[in-house]
Amino acid sequence: MATSKFLGYLESRKNLTGSACGLVGLVLTFVGVAGPYWPVVVVGLYGAGALIAPPERPPLPDFPDPSAQLEELRDDFEELGGYLADVELPPAAAGRLTELNQLLAGLLDPRITHDLAQDPEGVHILSRAIRQDVPEAVDTFVRTRWWTRLAPGTEPPERHLERQLTALQEEARGLAAVLREVEARRQESHTRYLEDRGRSQNG
């Protein structure tokens, strides 16, 4: 621990600046300016340099890049699929969940995740749906259905599940629309670039 701190100080701005100023003191000694007090001059200049050196900047946090986040999200989506495969759902809710999963799988397609990686809010929406909203909706349905069997006559829990899955599907469709718009604008920009380049060459 002490060794790493010492090595860190050797590479620090304070030591480098102080050393540069100390070298100036040695130069002054060699040319005869410092006189017999040269050790004091060298140490004083080193200390002054260390004091005026700019402060050290702490290293930036080493967060995973967006592509790594999306790769982890694909793994979590696959794990979610394994969980959902073991859950028995009513036909209407099962169909809605299948549509939602197809949409989520499309959004995680590596061919379009470059655009998604540039949209932190989109990554957050997708992550929240896969890691929280979908499993929580299904698990709540399973637990509520068990209580409904003990106390019939209440509102069927599958209706709430269908509404929740519908809301999640609309959210995912909104994200898909945003990404589609980004791609459309990129295509239009490339078209204008090629047309402008052609006009400039012909002109």
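This is a predicted model, so every value here is computed, not measured.

Trainee: Please explain the overall build of the chain as it appears in this structure.
Mentor: Scanning the chain from N- to C-terminus turns up eight helices and zero strands. Going from the N terminus to the C terminus, the chain shows its helices and strands as α-α-α-α-α-α-α-α. Here the chain holds 203 residues, and the buried ones make up 26% of them. Counting contacts in the chain only where the partners sit at least 6 residues apart, residues at least 24 apart contribute 73% of the total. Counting only carbon and sulfur atoms, one obtains 60% of the accessible surface of the chain, whose full area is about 14,000 Å².

Trainee: I would appreciate a short explanation of the nonpolar core in the present structure.
Mentor: Nonpolar side chains in soluble globular proteins tend to end up buried together. Core analysis: the largest hydrophobic core is formed by 29 residues, its most contacted members being Leu126 and Ile130. Residue assignment for this core shows that the elements contributing at least two residues are α4 (66-85), α5 (91-107), α6 (113-117), α7 (120-150) and α8 (157-202). Apart from the residues within four sequence positions on either side, Leu126 is in contact with Leu73, Leu104, Leu107, Leu108, Leu116 and Leu175.

Trainee: So what exactly am I meant to see when it comes to the packing of α5 against α8 here?
Mentor: Describing two packed helices takes the angle between their axes plus the distance from one axis to the other. Orientation of α5 relative to α8, taken along the N-to-C sense of each, is 20°, at an axis distance of 9 Å. In terms of axis orientation, α5 runs roughly parallel to α8. For α5 against α8, the interelement crossing comes out left-handed. Two secondary-structure elements touch here, α5 through Ala92, Ala93, Arg96, Leu97, Glu99, Leu100, Leu103, Leu104 and Leu107 and α8 through Leu161, Glu162, Leu165, Thr166, Leu168, Gln169, Ala172, Arg173, Leu175, Ala176 and Leu179. A breakdown of the residues in the contact of α5 with α8 according to their chemical character gives 14 nonpolar, two polar and four charged.

Trainee: Explanation requested: the pattern of salt bridges in the structure shown.
Mentor: It is possible for side chains bearing opposite charge to pair when their charged atoms get close. Taken as a whole and assessed by the stated rule, the structure comprises nine salt bridges. Between Glu170 and Arg173 there is a salt bridge, with its nearest N and O atoms 3.0 Å apart. Residue Glu170 and its partner Arg173 are both found in helix α8; the two are separated by three residues, about one turn of the helix. For Glu170, a relative accessible area of 44% puts it in the partly exposed group. What emerges from the salt-bridge pattern is a single network uniting Arg128, Asp133 and Glu171.

Trainee: Sorry if this is basic, but what is going on with α8 here?
Mentor: Since the α-helix advances by 3.6 residues per turn, residues separated by three or four positions end up pointing in the same direction. For α8, spanning 46 residues, the distance from its first C-alpha to its last is 68 Å, which sits close to the expected 68 Å at 1.5 Å a residue. If you check which residues of α8 are buried, you get Pro157, Leu161, Leu165, Leu168, Gln169, Ala172, Leu175, Ala176 and Leu179.

Trainee: For this particular structure, what's the right way to read the environment of Thr98?
Mentor: Following the sequence through the fold, Thr98 ends up in helix α5. For the pair formed by Thr98 and Leu165, sequence separation is 67 residues and the distance between their alpha carbons is 9.9 Å.

Trainee: Got a minute to help me understand the environment of Ile125 in this structure?
Mentor: On the secondary structure map, Ile125 appears in helix α7. On a C-alpha basis, the gap between Ile125 and Leu168 in space is 9.7 Å, while along the polypeptide they are 43 residues apart.

Trainee: How do you make sense of the environment of Val87 when you look at a structure like this?
Mentor: With respect to the helices and strands, the residue Val87 is situated in the loop between α4 and α5. The spacing of Val87 and Asp139 is 52 residues in sequence and 8.9 Å in space, taken between C-alpha atoms. Discounting residues that sit within four places of it in the chain, Val87 has contacts with Val138 and Val142.

Trainee: For this particular structure, what's the right way to read α5?
Mentor: Taking 1.5 Å per residue, 17 residues should reach 24 Å; α5 reaches 24 Å between its end C-alpha atoms and fits that length. Residues of α5 that are buried include every one of Ala93, Leu97, Leu100, Asn101, Leu104 and Leu107, and no others. The buried residues of α5 occupy an angular sector of 115° when projected down its axis, which confines them to one face. In α5, the exposed positions angled more than 90 degrees off the buried face are occupied by Pro91 and Gln102.

Thresholds, definitions, all that
Residues numbered from 1 in each chain as written. Predicted model: local features only at pLDDT ≥ 70, side-chain atom pairs only at ≥ 80, totals over all residues. Heavy atoms only, no water. Helix = DSSP H or I, 4+ residues; strand = E, 2+ residues; numbered from the N terminus. Buried < 20%, exposed > 50% of the residue type's maximum accessible area, 1.4 Å probe, protein only. Contact = heavy atoms within 4.5 Å. Areas by Shrake-Rupley, 256 points an atom, 1.4 Å probe, with all protein chains shown as cover. Core = buried A, V, L, I, M, F, W, Y, C linked by side-chain atoms within 4.5 Å. Axes fitted to C-alpha atoms, helices over the stretch in contact; angles between N-to-C directions. Parallel < 35°, antiparallel > 145°, perpendicular 65-115°, else oblique. Left-handed = near helix turned anticlockwise from the far one by under 90°. Nonpolar A, V, L, I, M, F, W, Y, C, P; charged D, E, K, R; others polar. Salt bridge = Lys/Arg side-chain N within 4 Å of Asp/Glu carboxyl O. Expected span 1.5 Å × (residues − 1). Arc of directions from axis to C-beta.

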